Amino acid sequence: MSKELADLIFPNITKTPEDYEKMYPKRDLLEGAMVTRFAPSPTGFIHIGSLFGANLDRRLADQTNGVCYLRIEDTDGKREIDDGINVIINGLKVFGIEFDEGAINETEEKGNYGPYIQSKRKDIYQCYAKSLIERGLAYPCFCSQEELDAIRERQEKMKVVPGYYGEFAVCRKLSEQQMMERVKNGEPYVIRLKSPGSMSRKIKFKDMIRGNIEFPENVQDIVLIKSDGLPTYHFAHAVDDHLMRTTHVIRGEEWVSSIPLHVQLFQVLGFEMPQYIHTPTIMKEDEGSKRKISKRKDPEAAASYYKDNGIPKEAVIDYLMNILNSNFENWRKQNPHAPLSEFKVDPHKISSSGALLDLVKLSDVSKNTIATFTAEKIYNEGLEWAKEFDTELAELMEKHKDFTINILNIERTGTKVRKDIAKWSDLRENLAYLYDEVFYEKPVEYEWQSITDKETIHQILEEYLKVYDENDDKDTWFNKMKDVAEKFGYAREVKEYKANPESYKGHVGDISTVIRVALTGRRNTPDLYEILKNLGKERIEKRFVVVG
Ligand code: GLU
């Protein structure tokens, strides 16, 4: 009888679950290899929490020689946008995350476990739904929205758990004859699970980061197939993660409460359960308390925010790794240049409580990350960013390419590496004053320090020009600076000055500050010797003249 109902509902479904089991056999992978998946809805937006999850998917597959695939969950038509798949693929590529299998653009895909776009898997879901109907584990439900609302109202009045179950599951009680008649009459319907659960029984579940959790069994006759023939998230999750042979489902903690239902679905479908890692929600500190980061209120909720603000992908990923595993930070300190693949993520070490997104900390991480880059990489990536977000800077960087790279190369290696760039937008602050086009654009505001008397400044600059030679090595150069200091009554060494402060007007540092400020307007710059050398004598003289 149930077979008759199943055939009536799904006349075109001719394959059986066994056929699909054969089509998508267990993957031939080494023991311990993890098969993970990133399963977004194509909403045109990548949330920072999704990037966090996708990074974890990728890392775990990589470190176990497994597979990480991309599945597009587009069964909820109203939330999708046209270019949604490309937005996801390109948005993750920016962070160096790519997939072994799955959609590669709006129309193509790769891998043997597809289709990887849920809307193209209708037949597969319907085949499993058909089999459940045949086995008396699913049924059509004809309740209209109004009827469902009325049930909910009754439940509210009775103060009982809402939902479609027990005495409230009206269509569950229809005879198969009645069901068939209503289908034949053309009434719209959904397919519901005939839940075998009991509220008095409990299930035990083990999450890899949350440990053992106990829940009451699911009793809800949830919708498996909607009236448009497409599956709900829950049903698609069970069918897809089984057939695509996912070993580890990594998803947001908002799904933990659905676990009893998912355990039951895997049971009735006869599937082996994968392992689960429910990742913590990304939080932010707001006026002293923590709250969920919000797509509407917080620009940093979007993964694209980081690229647009010029934070390199390596820094963002390193930062997410910090949130993920508390021992990552230490590892990174010891291995600043090592590829991420050398760090082994331990899923058990992931914190299960809200992960705090701290932009100040990210900025720190980013400074350290950029400090490991070569001047060429900084130039190339900075230029790429500037072309989009600071075109004036981009033009200057291109026009003065070698000069810019040389400047960026100052203090780039050795024990004291510069850490003055946290994001590409900082390049303006770092470079602009060295380009004559910007320096002479408007009157310079000089940040003179201890020596502020214009006459003295002139004399020092004049004397300095007499002795400065571009070909001097650093020691000779510094000795000449000391000579100038001495000439003006300043100590050659800071410690000489400190020992006898009354014998000097100041020390060599006061003199070099005059040179630095006259040259750049500012008190802080990278190594002065290098700056002078890169500007060259002619430009130095010209800059000294405008001090006025
Ligand atoms: N499409 C689901 C979401 O965007 C995916 C959850 C999962 O990874 O299973 O929330």
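As a starting point, this report considers the structure included with it. Everything numeric here is computed off the predicted structure, so don't read it as measured data.

**Comments concerning the site of the ligand**
Turning to step 1, where the next piece is worked out: Around the ligand, the surrounding shell consists of R37, A39, S41, E73, Y233, I250, R251 and W255.
Turning to step 2, where the next piece is worked out: One nitrogen or oxygen atom from the side chain of R37 is found 2.7 Å from an oxygen atom belonging to the ligand.
Turning to step 3, where the next piece is worked out: Here a nitrogen atom of the ligand and a side-chain polar atom of E73 are 2.6 Å apart.
Turning to step 4, where the next piece is worked out: Surface burial for the ligand is 79%, taken as the share of its 300 Å² of free accessible area covered by protein chains.
Turning to step 5, where the next piece is worked out: Among the residues forming the shell around the ligand, the class breakdown is 4 nonpolar, 1 polar and 3 charged.

**Some points on the state of the cysteines**
Turning to step 1, where the next piece is worked out: If you walk through the whole model with that rule in mind, you get 0 disulfides.
Turning to step 2, where the next piece is worked out: Looking at the unpaired C141, the closest cysteine sulfur is the one in C171, lying at 3.9 Å.
Turning to step 3, where the next piece is worked out: When its relative accessible area of 2% is taken as the criterion, C141 is described as buried.
Turning to step 4, where the next piece is worked out: Note on C143: no disulfide assigned, nearest cysteine sulfur contributed by C171 at a separation of 3.8 Å.

**Some thoughts on the pattern of salt bridges**
Turning to step 1, where the next piece is worked out: Counted by the stated rule, this structure contains 44 salt bridges.
Turning to step 2, where the next piece is worked out: Among the salt bridges present, the one from K349 reaches D346, with a minimum N-O distance of 3.8 Å.
Turning to step 3, where the next piece is worked out: Here R418 and D420 are joined by a salt bridge, their closest N and O atoms 3.1 Å apart.
Turning to step 4, where the next piece is worked out: R418 gets classed as buried once you look at its relative accessible area, which sits at 4%.
Turning to step 5, where the next piece is worked out: The network of salt bridges with common partners includes R37, R71, E73, R121, D240 and D241.

**A closer look at helix 4 (residues 84-93)**
Turning to step 1, where the next piece is worked out: When we look at burial in helix 4, the residues that qualify are G84, I85, N86, I88, I89 and L92.
Turning to step 2, where the next piece is worked out: If you follow the buried residues of helix 4, they end up packed against strand 1 (35-38), helix 3 (48-63), strand 2 (67-70) and strand 3 (101-103).

**Considerations on the pairing of strand 13 (residues 289-292)**
Residues in a regular strand point their side chains to alternate faces of the sheet.
Turning to step 1, where the next piece is worked out: The sheet contact formed by strand 12 (residues 282-286) and strand 13 spans 4 bridges and is antiparallel. Note on strand 13: the bridge partner recorded for K284 is R291.
Turning to step 2, where the next piece is worked out: In this structure, the hairpin formed by strand 12 and strand 13 is closed by a connection of 2 residues, where E287 is found at a positive phi of approximately 45°.

Cut-offs used in this document
Residues numbered from 1 in each chain as written. Predicted model: local features only at pLDDT ≥ 70, side-chain atom pairs only at ≥ 80, totals over all residues. Heavy atoms only, no water. Near = heavy atom within 4 Å. Polar contact = N/O pair within 3.5 Å; in protein donor to acceptor, adjacent residues only side chain to side chain. Areas by Shrake-Rupley, 256 points an atom, 1.4 Å probe, with all protein chains shown as cover. Nonpolar A, V, L, I, M, F, W, Y, C, P; charged D, E, K, R; others polar. Disulfide = S-S within 2.5 Å. Buried < 20%, exposed > 50% of the residue type's maximum accessible area, 1.4 Å probe, protein only. Salt bridge = Lys/Arg side-chain N within 4 Å of Asp/Glu carboxyl O. Helix = DSSP H or I, 4+ residues; strand = E, 2+ residues; numbered from the N terminus. Contact = heavy atoms within 4.5 Å. Pairing = 2+ DSSP bridges.

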